[in-house]
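Summary of structural features
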Amino acid sequence: MQENNSVGIVAAQTAHFNSPLTLKSGAVLPQFDLVYETYGTLNADKSNAVLICHALSGTHHVAGKYSGDDKYPGWWDNLIGPNKPLDTNKFFVIGVNNLGGCHGSTGATSINSATGNPWGSQFPVLTVEDWVTSQTLLADYLGIQQLAAVVGGSLGGMQALQWTIAYPARVRHALVIASAPNLTAQNMAFNEVARQAIITDPEFHSGDYYAHGVVPRRGLRIARMLGHITYLSDDVMDEKFGRKLKQGIQYSFDAEFEMEFYLRYQGDKFAGEFDANTYLRMTRALDYYDPALAFDEDLSLALRKVEAQFLVVSFTSDWRFSPARSREIVKALLDNELTVSYAEVTAAHGHDAFLMPDAHYHNILRSYLSNVQV
Amino acid sequence: MTMKKTVQNNVNITNFPQKFRQDFAIIAGWVGLGSKVLDLGCGDGELLQFLRSCLEVKGYGVEKDDANWLACMQNGSNVIQMDLEDGLSVFEDRSFDTVILSQTLQAMHNTEEIVQEMLRVGREIIVTFPNFGYWRNRLQITGGRMPVSKILPYQWYDTPNVHLCTINDFDEFCKNHKITILERCVITDTKAVSFMPNLLGNLAMYRLKAQ
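The text that follows walks through the structure, step by step, so that each part is easy to find. Bear in mind that the values here come from a model prediction, so they are computed numbers and not experimental data. (Residues numbered from 1 in each chain as written. Chains lettered and ligands numbered in written order. Predicted model: local features only at pLDDT ≥ 70, side-chain atom pairs only at ≥ 80, totals over all residues. Heavy atoms only, no water.)

A few points about the interface of chain B and chain A
Across the boundary between the two partners, chain B contributes 20 residues, which contact 21 residues of chain A. In total, chain B and chain A occlude about 1,800 Å² of area from one another, counting both sides; carbon and sulfur atoms represent 55% of this. For chain B, the biggest contributors to the area lost against chain A are Met73, Gln81 and Val90 of chain B; these three give 28% of the whole. Applying the counting rule to chain B against chain A returns two salt bridges. In this structure, Glu337 of chain A engages Lys36 of chain B in a salt bridge whose closest nitrogen and oxygen atoms are separated by 3.1 Å. The interface formed by chain B and chain A contains 11 residue pairs in polar contact (both at pLDDT 80 or more). Of all the secondary-structure elements, those providing two or more residues to the side of chain B that touches chain A are strand S2 (58-63), helix H3 (66-74) and strand S3 (78-81) of chain B. (Contact = heavy atoms within 4.5 Å. Buried area = accessible area lost by both parts, 1.4 Å probe. Salt bridge = Lys/Arg side-chain N within 4 Å of Asp/Glu carboxyl O. Polar contact = N/O pair within 3.5 Å; in protein donor to acceptor, adjacent residues only side chain to side chain. Helix = DSSP H or I, 4+ residues; strand = E, 2+ residues; numbered from the N terminus.)

Written as structure tokens, this is what we have:
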């Protein structure tokens, strides 16, 4: 069944941009690459494009597989494909690795042409605003003036929101899922602990670990373990692992509880494939995003130029991006008399729920997207 | 925030298709052309759809139930998933021309709070409820049983209706809460009842505003 409505075998492409990009921080990237994938067919009017914005550790590989032997498809494959909620028979879907990412787009691991060495610590700190600007350049490159929709969960939802604020004429619909208009102090605190784990790893070398032929694996691992705790709800962790032991109590500090095996597995896996400098920058982009800041903390004022129609979705057990935070976005949209629907999905999986194929959640997305005109 | 001027218009009940609930046409008569309307407990969005089609209102619904929420969104309405018992905090003061609570008042726990919240958010509000003083209800009580009817279709043990009231009760409620009754319409089936409404009417409809 999964195979029948899969986008099938996909391949990443690279868009090269030669013009310098001035970032919000003032830093300038002389040139950059964005790696992306597309699914479905761009129609003659170029009116059916949907951009997927990824979260902290996501990539441009959103759906499909690279080869028949691939163990796992793209990270949001359950959503995207022929006859799936985001139907590739109707839409032309674009996945992009954010600028500063470590999966092909220009980032800290890329070679800085000025030095011939990896950027490392010298790679600038990017913001959600910078990502969106770079995504509009990718849209230009693909000849797309206006997106039918921008879809994102978590940090991806912030990008979707930012599209509607910064480029109101270039996006008709925004699907902002399990997101927030900014991070709370507690949420930023988790990011700070994660960054400290990386920065204090002796193999971090102030961010220039590439030259030393090492990676701050221990730091990354702890950062990811911490992240995973916050992506799940107390209930679902209890249901999944409870107090189960692999082999009884050993009176040791090795992994004994199943929860520990899970966290160590996730940490190891992540440390083997993700770049530490990128992790620092992704979490900083999350921390800094605050569109209301320039408007006396008034989000309604920040959204006054928005024209897009919105679907906002939150999940009851998500405590990292709680429903209350989504309701702040909804309130600001309502204050501006914008077209918005808001769903609070009953789900056990915490923040991770936005990636799960829950039937009601997928019905919501399917119904909303089927009303999107192309 | 700009708001279109509310224009009160007279709508003839008989002009609307029968499939619409009996109270819809009267509500339409109390809602201004092109006005901004909030329908609380909007169900599948039938009323909003009706008001959009005949009055071109800018409508939003509030609905708690997943299946209703989905149906409402599929009907093309803006719908916010919230529990009315928690108040209307996502809505600003006076941000709607009309806030409607149609046949839901009797199922609310925080009855006073929701009416106050409606008066805060709307310039005017519309409240409709089944009149517990209707003679058929009285007759069933006299017969020693809790009333069960088309408009009150539940058994005593499975009813969501926790705050049933009569027209006289609600009039008194408005007086005590400093609420001005702009209009009241009492109907039985599709006919307006002006003679002894608390006895002969089965659905009470009020257009209200804060004093």
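A short note on unusual backbone geometry
Unusually for a residue other than glycine, Tyr251 of chain A sits at a positive phi of about 55°. Structurally, the position occupied by Tyr251 of chain A is in the loop between helix H5 (234-240) and helix H6 (258-273). Tyr251 of chain A gets classed as exposed once you look at its relative accessible area, which sits at 78%. A positive phi angle, close to 55°, is found at Lys178 of chain B, a residue other than glycine. Structurally, Lys178 of chain B is set in the loop between helix H6 (167-176) and strand S6 (179-188). Classification of Lys178 of chain B by relative accessible area gives exposed; the value is 56%. (Buried < 20%, exposed > 50% of the residue type's maximum accessible area, 1.4 Å probe, protein only.)

Thoughts on the pattern of salt bridges
As enumerated under the stated definition, the model contains 20 salt bridges over all chains in all. Across the pair Arg184 of chain B and Asp171 of chain B runs a salt bridge, and its minimum N-O distance is 2.8 Å. Of this pair, Arg184 of chain B sits in strand S6 while Asp171 of chain B is found in helix H6, placing the two residues 13 residues apart along the sequence. The structure contains a network of salt bridges with shared partners spanning Glu192, Arg195, Arg284 and Asp287 of chain A.

A closer look at the packing of aromatic side chains
Aromatic ring pairs are described here by two measures, namely the spacing of the ring centres and the angle between the planes. For the structure shown, the criterion picks out 24 aromatic pairs over all chains. Both rings, one in Phe129 of chain B and one in Phe170 of chain B, keep their centres 5.0 Å apart while their planes meet at 55°; by these two values the pair is tilted. Residue Phe129 of chain B is located in strand S5 (residues 122-130), and its partner Phe170 of chain B is located in helix H6; the two are separated by 41 residues in the primary sequence. One residue, Lys246 of chain A, lies across the ring of Phe261 of chain A, its end atom 4.6 Å from the ring centre. In this arrangement the basic side chain of Lys36 of chain B is found over the ring face of Phe96 of chain B, its NZ or CZ atom lying 4.5 Å from the centre. (Phe/Tyr/Trp six-rings, centres within 6.5 Å; stacked < 30°, edge-to-face > 60°. Lys NZ or Arg CZ within 6 Å of the ring centre and 35° of its normal.)

Brief notes about the state of the cysteines
All names here are of chain B. Applying the stated criterion across every chain yields a total of zero disulfides over all chains. Looking at the unpaired Cys72, the closest cysteine sulfur is the one in Cys42, lying at 3.7 Å. Looking at the unpaired Cys185, the closest cysteine sulfur is the one in Cys174, lying at 15 Å. Looking at Cys185, the relative accessible area reads 16%, which means it is buried. (Disulfide = S-S within 2.5 Å.)

Side note on a negative patch on the surface
Residues and elements named next belong to chain A. On the surface, a cluster of negative charge is contributed by Asp234, Asp235, Asp238 and Glu239. Topologically, Asp238 is positioned in helix H5. In this structure Asp238 comes out as exposed when scored by relative accessible area, which is 53%. (Patch = residues over 30% accessible without salt bridge, like charges linked within 9 Å, V, L, I, M, F, W, Y side chains within 5 Å. Areas by Shrake-Rupley, 256 points an atom, 1.4 Å probe, with all protein chains shown as cover. Lys, Arg positive; Asp, Glu negative; His and termini not counted. Charge placed at Lys NZ, Arg CZ, Asp CG, Glu CD.)

What to know about the packing of helix H1 (residues 128-141) of chain A against helix H2 (residues 155-166) of chain A
Between two packed helices, the angle of one axis relative to the other and the distance separating the axes together describe the packing. Residues and elements named next belong to chain A. Interhelical geometry of H1 versus H2 gives an angle of 65° and a closest axis separation of 9 Å. Classified by the angle between their axes, H1 and H2 sit roughly perpendicular to one another. For the element pair H1 and H2, the recorded crossing hand is right-handed. For the pair H1 and H2, the contacting residues are Val128, Glu129, Trp131, Val132, Gln135 and Thr136 in the first and Leu155, Met158, Gln159, Gln162 and Trp163 in the second. (Axes fitted to C-alpha atoms, helices over the stretch in contact; angles between N-to-C directions. Parallel < 35°, antiparallel > 145°, perpendicular 65-115°, else oblique. Left-handed = near helix turned anticlockwise from the far one by under 90°.)

Some remarks on the layout of surface pockets
Residue and element names in this part refer to chain A. Volume-wise, the largest pocket comes out at about 1,400 Å³. In this structure, the largest pocket is lined by 42 residues; those nearest its centre are Ser57, Trp75, Arg224, Lys269 and Leu355. Every element with two or more residues in the lining of the largest pocket is listed here: helix H4 (217-231) and H6. Per element, the largest residue contribution to the lining of the largest pocket is six residues, and it comes from H6. For the lining of the largest pocket, the per-class residue count stands at 19 nonpolar, 15 polar and eight charged. (1 Å grid on protein atoms, 1.4 Å probe; cavity = no way out; pocket = protein on both sides within 12 Å on 5 of 7 lines; lining within 4 Å. Points joined across faces, edges and corners; volume = space filled by probe spheres on them. Nonpolar A, V, L, I, M, F, W, Y, C, P; charged D, E, K, R; others polar.)

What about helix H1 (residues 22-30) of chain B?
All names here are of chain B. Among the nine residues in H1, eight count as buried, and that is most of the element. The set of residues buried in H1 consists of Asp23, Phe24, Ala25, Ile26, Ile27, Ala28, Gly29 and Trp30. Where H1 is buried, its residues touch helix H2 (46-55), strand S4 (96-102), S5, S6 and strand S8 (203-210).

Re a nonpolar patch on the surface
Together, Trp135, Leu139, Phe195, Met196 and Leu200 of chain B make up an exposed nonpolar region whose accessible area comes to about 510 Å². Taking relative accessible area as the criterion, Met196 of chain B reaches 45% and is therefore assigned partly exposed.

Structural notes on the side chain of Arg281 of chain A
All names here are of chain A. When you line up the elements, Arg281 lands in helix H7 (residues 276-288). Buried charged residue Arg281 carries no salt bridge. Nearest counter-charge: Asp275, at 6.4 Å. From its side chain, Arg281 meets the backbone oxygen of Ser121 in a polar contact 3.4 Å long. Reaching out from Arg281, the side chain makes a polar contact with the backbone oxygen of Asn277 at a distance of 3.0 Å. What Arg281 contacts, discounting residues up to four positions off in sequence, is Gly120, Ser121, Phe123, Pro124, Val125 and Leu126.

So, the packing of helix H3 (residues 185-199) of chain A against H4 of chain A
All names here are of chain A. The geometry of H3 relative to H4 is characterised by a closest axis approach of 7 Å and an angle of 160° between their N-to-C directions. Taken together, the axes of H3 and H4 lie roughly antiparallel to each other. Two packed elements cross with a definite hand, and for H3 against H4 that hand is right-handed. Contact residues: H3 offers Phe190, Val193, Ala194, Ala197 and Ile198, while H4 offers Gly219, Leu220, Ile222, Ala223, Leu226 and Thr230. Among the residues forming the contact of H3 with H4, the class breakdown is nine nonpolar, two polar and no charged.

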